[in-house]
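Notes for the structure review
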Amino acid sequence: DAKTTQPNSMESNEEEPVHLPCNHSTISGTDYIHWYRQLPSQGPEYVIHGLTSNVNNRMASLAIAEDRKSSTLILHRATLRDAAVYYCILSTGNTPLVFGKGTRLSVIA
Amino acid sequence: NAGVTQTPKFQVLKTGQSMTLQCAQDMNHEYMSWYRQDPGMGLRLIHYSVGAGITDQGEVPNGYNVSRSTTEDFPLRLLSAAPSQTSVYFCASRETPGILYGYTFGSGTRLTVV
């Protein structure tokens, strides 16, 4: 499986934008970039995914580099509820998700 | 529409006991997976299924059995529990073809083996 690299932890102030980076230099042409988050004591929650173009939904935006070797999950206005572990995962869609260690996001009031 | 339902939510087992963790989904999803999450760690894939009658091993399958006789249910069996299987277990499902949608996860089963 293709690997991703994320910072172990990040910190953000409440109501400010957050940019969570992910490197995936060995991504293949059929790999989708998925983001999930896990709030404390809960199961993971789907956030967003994309292939080549930037994507927006009600939760976040996904910015994908032109060479697809990196991506950034953007939370436009962090709230205390966004404090979670964020996982960047590559998957072709025909294989199950394989989780790494993710980035632990802390949000400061 | 209940999503992914896992039972029980909590369980304590003695070493050597067997049990089945239940996972059911009512979304007619073909893909289902089982993960375990040890304290402070990410999720690790145990077994997965791409449809009824089809299962395959994940990263850490030893000590666990699965079967998929219906689309709705994907039980995980521990044949002889060991303390190393103390963990939180998550079940997930996804529609197929699934690129357009993400996985839906259950709320987990917290298992302690003493």
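Notes on the structure follow. Since we're looking at a predicted model, the values are computed, not measured. (Residues numbered from 1 in each chain as written. Chains lettered and ligands numbered in written order. Predicted model: local features only at pLDDT ≥ 70, side-chain atom pairs only at ≥ 80, totals over all residues. Heavy atoms only, no water.)

Some remarks on the sheet that holds strand S1 (residues 4-7) of chain B
All names here are of chain B. As a reminder, the rule being used: At least two DSSP bridges between two strands are required for those strands to pair. The helix count covers DSSP runs of H or I at least four residues long, the strand count covers runs of E at least two residues long, and both are numbered beginning at the N terminus. Axis lines are fitted to C-alpha atoms, over the contacting stretch for helices. Their N-to-C directions set the angle, which ranges from 0 to 180 degrees.
An order of S1-S3-S8-S7 is seen for the 4 strands of this open sheet, with the pairing classed as antiparallel. Each of the sheet's edge strands pairs with one partner strand only, and the pair in question is S1 and strand S7 (64-66). In this sheet, neighbouring strand axes are inclined to one another by 20° on average, regardless of whether the strands run parallel or antiparallel. Where strand S3 (residues 19-25) meets strand S8 (residues 76-78), 3 bridges bridge the pair, whose relative direction is antiparallel.

Focus on the interface of chain A and chain B
For clarity, the threshold we go by: Here, residues are in contact when the closest pair of their heavy atoms is within 4.5 Å. Here the quantity called buried area is the accessible surface, traced with a 1.4 Å probe, that two parts lose on coming together, added over both. Counted as salt bridges are all cases of a side-chain nitrogen of Lys or Arg within 4 Å of a carboxyl oxygen of Asp or Glu. Whenever two N or O atoms come within 3.5 Å, that pair is a polar contact, provided that in protein one can donate a hydrogen and the other can accept it, and provided that, for residues adjacent in sequence, both atoms are side-chain atoms.
Each partner contributes to the interface: chain A provides 18 residues, whereas chain B provides 19 residues. Taking both partners together, chain A and chain B bury about 1,500 Å²; carbon and sulfur atoms supply 60% of that area. Where chain A packs against chain B, one counts 0 salt bridges. Linking chain A with chain B are 3 residue pairs in polar contact (both at pLDDT 80 or more), by the criterion used here. Every element with two or more residues in the side of chain A that touches chain B is listed here: strand S3 (32-38) and strand S4 (45-50) of chain A. Broken down by element, the side of chain A that touches chain B gets its largest block of residues, 3 residues, from S3 of chain A.

Some points on the sheet that holds S3 of chain A
Residues and elements named next belong to chain A. Pairing is mixed across the open sheet formed by 5 strands, whose spatial order is S1-S9-S8-S3-S4. Each edge of the open sheet carries a strand with a single partner, namely strand S1 (9-13) and S4. For this sheet, the mean angle separating the axes of adjacent strands, direction not counted, is 25°. Across 3 bridges, strand S8 (residues 84-91) lies against strand S9 (residues 103-108) in antiparallel orientation. By the bridge assignment for S9, Ala84 is matched with Leu105.

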